[in-house]
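# Report on the structure
So you can see what is in the structure, the chains are spelled out below.
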Protein chains: 2
Amino acid sequence: MKRTEIAALYGSPETFGDTQVTVCGWARSIRDSKALGFIDLNDGSCFKGVQIVFTAEKLENYKEIASQNVGAALRVTGTLLLTPEAKQPFEIQAEEITVEGASSPEYPLQKKRHTVEYLRTVAHLRPRTNLFNAAFRVRSAAAFAIHKFFNENGFTYVHTPIVTGSDCEGAGEMFQLTTLDLVNVPKNEDGTVDYSKDFFGKQTSLTVSGQLEAECMAMAFGKVYTFGPTFRAERSYTQRHAAEFWMVEPEIAFADLNDDMDLMEAMIKYIIKDVMACCPQDIDFFNQFVDKGLKERLEHVANSDFVRISYTDAVKLLEKNNDNFEYKVSWGCDLQTEHERYLTEKEFGKPVFVTDYPKEIKAFYMRLNDDNKTVAATDLLVPGIGELCGASQREERYDVLLNRIRELGLNEEDYWWYLDLRRFGGNKHAGFGLGFERMVMYLTGISNIRDVLPFPRTTGSAEF
Amino acid sequence: MKRTEIAALYGSPETFGDTQVTVCGWARSIRDSKALGFIDLNDGSCFKGVQIVFTAEKLENYKEIASQNVGAALRVTGTLLLTPEAKQPFEIQAEEITVEGASSPEYPLQKKRHTVEYLRTVAHLRPRTNLFNAAFRVRSAAAFAIHKFFNENGFTYVHTPIVTGSDCEGAGEMFQLTTLDLVNVPKNEDGTVDYSKDFFGKQTSLTVSGQLEAECMAMAFGKVYTFGPTFRAERSYTQRHAAEFWMVEPEIAFADLNDDMDLMEAMIKYIIKDVMACCPQDIDFFNQFVDKGLKERLEHVANSDFVRISYTDAVKLLEKNNDNFEYKVSWGCDLQTEHERYLTEKEFGKPVFVTDYPKEIKAFYMRLNDDNKTVAATDLLVPGIGELCGASQREERYDVLLNRIRELGLNEEDYWWYLDLRRFGGNKHAGFGLGFERMVMYLTGISNIRDVLPFPRTTGSAEF
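These remarks concern the structure in this document. In this text the structure is predicted, and so the values were computed from the model without any measurement.

## Digging into the environment of glycine 154 of chain B
Summarising the element assignment, glycine 154 of chain B is placed in the loop between α5 (130-152) and β6 (156-157). Residue glycine 154 of chain B is classed as partly exposed on the basis of its relative accessible area, which comes to 34%.

What follows is the structure, encoded as structure tokens:
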């Protein structure tokens, strides 16, 4: 008999009421008394499992089933019984149960509470727990929501390269990649590495951002986005940093910072609404067991008009509160998380775009404002987390961009193709970066990035 | 006035007929006589551009516009005039044109035919040509079709890691990544590299496949897929190999090779139908200028029942034709492209699954058949290209898998977590790999992988 997924049963229990179904999944728990047993069977098609009732009367192999260990893979055929008065809306009364794959008493996910630290050591099994099953389902739903949002809005999805031949992105420390023999690295006469013998004939690294390449594509398609892995070789042991993570980087032509903020606001709201609609059981779980204020906060953000305030005005507001900050604020300083959270949580109580930062604390490619002091950049701050996205209008003026590159002592030759975009049909354009894991943390209330990445790569750790 | 995208005009020309619109884009060509000019303006929102008619009578800056170079970014406001009798369904009669960004006579994409070899040297600009604009639009549409297909069918999307700590995937040569100083590589006393000083505290590489990690996730979610970049450090100069490319790798639990073939067949048909529906202008272009038989072939594949034949039976068929093959076929040999194409093009004239290959020519994780000689693996062969997907049922029996690992001299310890999946609730499961670029080549008729990757990375080349 063809297998039915548990998600389908929850989708329309009435359809399946009193009919025979076959379900396959893993036993989360098995309880039995003499001739009656209960299995909590989960197949991962949705957050919830289904209760299997099995009896010695109906099952020849009752004893075999009753003696299975937690984690066993079972195939169950039985009749679905609607139980409107019970906690679960239905159960399955088994007529046949076969063991697809046994488990053992050594199964690491016994029916008790485990710490997330322990569960990271069994990353190959932890997606079978409630917490990680829900986290990775939300991650999947959020990824699809992002693709849907951009598709519905006419964006072209572009795969910018992971391998990069120059370190001109300037967003952080990079991993080098090589096929050279590290025991005997070939050298030039002056003692430097002879990269002509390396795979690409030059030094190469893993990308820290697809933005510069995305700009090339935006100058052909008008609206593009990237969504792929990026890398930082920064030795960091915080809860918020991983060496490998996914980024979403849209880029829009014929658009300024206001258009960019409109886009960000629409995207964040879309993701929240879509994930809440697609994963209600998971969000309920997080709201109950991980972060009590989660649903309220998400709903609030999805229905707020985001505030827009200049850095200069934000600094004025923050200065009034300097007594309460560890780091005192003054014009020119970078905002710390305490300041960001004050603005979005205390001052406004909703998401805030802080715009037009001092050029000294922002990247070379951001558009210089007419005041010659600030750039058309913005950070999106949200309650509960602080910065969620960073954005800017890009410098489209060839001379101004070239000046900035020289001012900062960057290597002009590395940017020939990026400068070309300003020589041939350049135009006002803008984009932003969303750290995807940060978005998933925001959607779930999970506070450690290691727990929203299936197999996290962090300083000193690349297991599985 | 708010900008309208050209795709929206093509979407419902009647709506816009005789109304004023503003479009922004890049001039593909500019022609003018004394007081009348024509611009072919393209904004990348769809394959086709729109003809702008501009006159000295209406435009104060007529001369400025007429003297613009190809590639200039323009903003045009004018009245859309339906032209049912002409080749294009409408044109825009300009009332105002402003130059957002000029171009120059040095613009590399002058109005003439360029070789693809030349265009690869200007990869930052080539998406503005018909060929590459269409190629990358189809690439985007195909990517979205894949996400939609799996989402509609209840799959969870998983991001398997790019950085891998072991070389146990065994699918090809790998890139090493490191933060060590290659001029002074730290060494152990025995002269080997001291990886304890490296970023992850061990030797790490770029993944060649997400399959093993995807299997972990399938054992929790039932049905998962990966879609991300993978890497091969193989020195190869063919038209079909890149060092960095994207792969789709679904994995399904409680499923055998037949379920896997059903899934592959459904996915391929879905992608073809979806892309043909979403990108008709692009597909028409490829059909006309790149590959005359393209549309017919795609439609044929989308509507065929795929053939399923065992390797053993396929070899019997091929042996009859050995006179015509460069490489003679006999049981036990790997099939070459000439054999694959003979089967799918000559023998059957439609897609073919060849199943149950000799275990010696396939990977260690493929399920051993009862004959002890073959494994439950299949390659999907399609007319015009040969192999499109490789698939297998995975060995779910702990002892059999362990035997294979030992037989092949692999390092058992590397596989502890992969073996664990067989100790705790293992079950029949299967999956396949689709090289995404190969799919895009198949959809477009483009014969070189360098031309379906926005910024290709190949042996000796990592530009931009």
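## Overview of the relation of the copies chain B and chain A
By a simple turn and slide, chain B fits onto chain A: the slide is 0.0 Å along the axis, the RMSD is 0.0 Å, and the turn is 180°. The symmetry that links the two subunits is that of a two-fold axis. The C-alpha atom lying nearest the rotation axis in chain B is that of leucine 177 of chain B; the distance is 2.1 Å.

## Things to note about the pattern of salt bridges
Tallying each qualifying case throughout the model produces 52 salt bridges over all chains. Arginine 3 of chain B is paired through a salt bridge with aspartate 43 of chain B; the nearest N and O atoms lie 3.8 Å apart. In this pair, arginine 3 of chain B sits in the segment before α1 (6-11) while aspartate 43 of chain B sits in the loop between β2 (36-42) and β3 (50-55), placing the two residues 40 residues apart along the sequence. The same class applies to arginine 3 of chain B as to aspartate 43 of chain B, namely buried. In this structure, glutamate 395 of chain B and arginine 397 of chain B form a salt bridge, with 2.7 Å as the shortest nitrogen-oxygen distance. Take arginine 397 of chain B: its relative accessible area is 28%, and that puts it in the partly exposed class. Put simply, Asp262, Glu265, Lys269 and Arg308 of chain A are held in one network by salt bridges that share partners.

## Some points on the interface of chain B and chain A
With 111 residues of chain B in contact, the opposing surface of chain A contributes 111 residues. Note on chain B versus chain A: buried area summed over both sides is about 8800 Å², and carbon and sulfur give 63% of it. By the criterion of area lost to chain A, the three top residues of chain B are His159, Phe199 and Phe254 of chain B, representing 9% of everything that side buries. The interface formed by chain B and chain A includes 6 salt bridges. As a salt-bridge pair, glutamate 463 of chain A and lysine 202 of chain B come within 3.5 Å of each other at their nearest N and O atoms. Summed over the shared surface of chain B and chain A, the number is 40 residue pairs in polar contact (both at pLDDT 80 or more). Among the elements that line the side of chain B that touches chain A, the one with the most residues is α5 of chain B, at 11 residues.

## Remarks on the sheet that holds strand β9 (residues 204-206) of chain A
If you walk across this open sheet you meet the 6 strands as β7(A)-β9(A)-β8(A)-β8(B)-β9(B)-β7(B), and the pairing is antiparallel. The open sheet has two free edges, formed respectively by β7 (163-164) of chain A together with β7 (163-164) of chain B, since each of these has just one partner strand.

Parameters and conventions
Residues numbered from 1 in each chain as written. Chains lettered and ligands numbered in written order. Predicted model: local features only at pLDDT ≥ 70, side-chain atom pairs only at ≥ 80, totals over all residues. Heavy atoms only, no water. Helix = DSSP H or I, 4+ residues; strand = E, 2+ residues; numbered from the N terminus. Buried < 20%, exposed > 50% of the residue type's maximum accessible area, 1.4 Å probe, protein only. Least-squares fit on C-alpha atoms with pLDDT ≥ 70 in both. Salt bridge = Lys/Arg side-chain N within 4 Å of Asp/Glu carboxyl O. Contact = heavy atoms within 4.5 Å. Buried area = accessible area lost by both parts, 1.4 Å probe. Polar contact = N/O pair within 3.5 Å; in protein donor to acceptor, adjacent residues only side chain to side chain. Pairing = 2+ DSSP bridges.

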